[in-house]
Amino acid sequence: GLRFPALALGLVVGGPMLGVQVYSLAGLAICLYWTIWVMRLSGASTRTAWGVVAWPLVFIIAAWAFSQVGRDALGMTGYVACALAASAVAAVLGGVGVVRALRA
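Residues numbered from 1 in each chain as written. Predicted model: local features only at pLDDT ≥ 70, side-chain atom pairs only at ≥ 80, totals over all residues. Heavy atoms only, no water.

## Digging into the packing of helix 2 (residues 16–41) against helix 3 (residues 46–103)
- Relative to each other, helix 2 and helix 3 sit at 15°, their axes nearing to 9 Å. The orientation of helix 2 with respect to helix 3, classified from their angle, is roughly parallel. As helix 2 packs across helix 3, the resulting crossing turns out to be right-handed.
- Of the residues contributing to the contact of helix 2 with helix 3, the split by class is 15 nonpolar, four polar and two charged. (Axes fitted to C-alpha atoms, helices over the stretch in contact; angles between N-to-C directions. Helix = DSSP H or I, 4+ residues; strand = E, 2+ residues; numbered from the N terminus. Parallel < 35°, antiparallel > 145°, perpendicular 65-115°, else oblique. Left-handed = near helix turned anticlockwise from the far one by under 90°. Nonpolar A, V, L, I, M, F, W, Y, C, P; charged D, E, K, R; others polar.)

The structure is reproduced here in structure tokens:
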């Protein structure tokens, strides 16, 4: 229910690119909430739960900043390769953080 209004708002206010960005931001909020919620259900503290999502969130913010200038600097192929690599790093860091937190 959060993603489609975000997409519509982005399209109405700023066009397709902003629509996709706002849609993705809504998805990020949903994923962060879900991960923290699951961590809290498993007995982790709020601090531990936020610690698990901190590094992937930093990578996501850096990836967004890179997306604003990366296409022009690297060309489309280089941009996509860097975006995929950053996504993989964020996924691994997040997965390792969740497993470590749940074992602790």
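## Examining the nonpolar core
- Ranked by size, the top nonpolar core spans nine residues in total: Leu28, Leu32, Ile36, Met39, Ala44, Ala49, Val52, Val53 and Ala101.
- Those elements that place two or more of their residues in this core are helix 2 and helix 3.
- Not counting residues up to four positions away in its chain, the partners in contact with Val52 are Met39, Gly94, Gly97, Val98 and Ala101. (Core = buried A, V, L, I, M, F, W, Y, C linked by side-chain atoms within 4.5 Å. Buried < 20%, exposed > 50% of the residue type's maximum accessible area, 1.4 Å probe, protein only. Contact = heavy atoms within 4.5 Å.)

## Some thoughts on the layout of surface pockets
- Approximately 950 Å³ is the volume attributed to the largest pocket.
- Along the wall of the largest pocket there are 34 residues; nearest its centre are Ser24, Ile60, Ile61, Ala63 and Trp64.
- Counting residues per element, the ones that place at least two in the lining of the largest pocket are helix 2 and helix 3.
- Per-element accounting of the lining of the largest pocket gives the leading share, 24 residues, to helix 3.
- For the lining of the largest pocket, the class distribution of residues is 24 nonpolar, nine polar and one charged. (1 Å grid on protein atoms, 1.4 Å probe; cavity = no way out; pocket = protein on both sides within 12 Å on 5 of 7 lines; lining within 4 Å. Points joined across faces, edges and corners; volume = space filled by probe spheres on them.)

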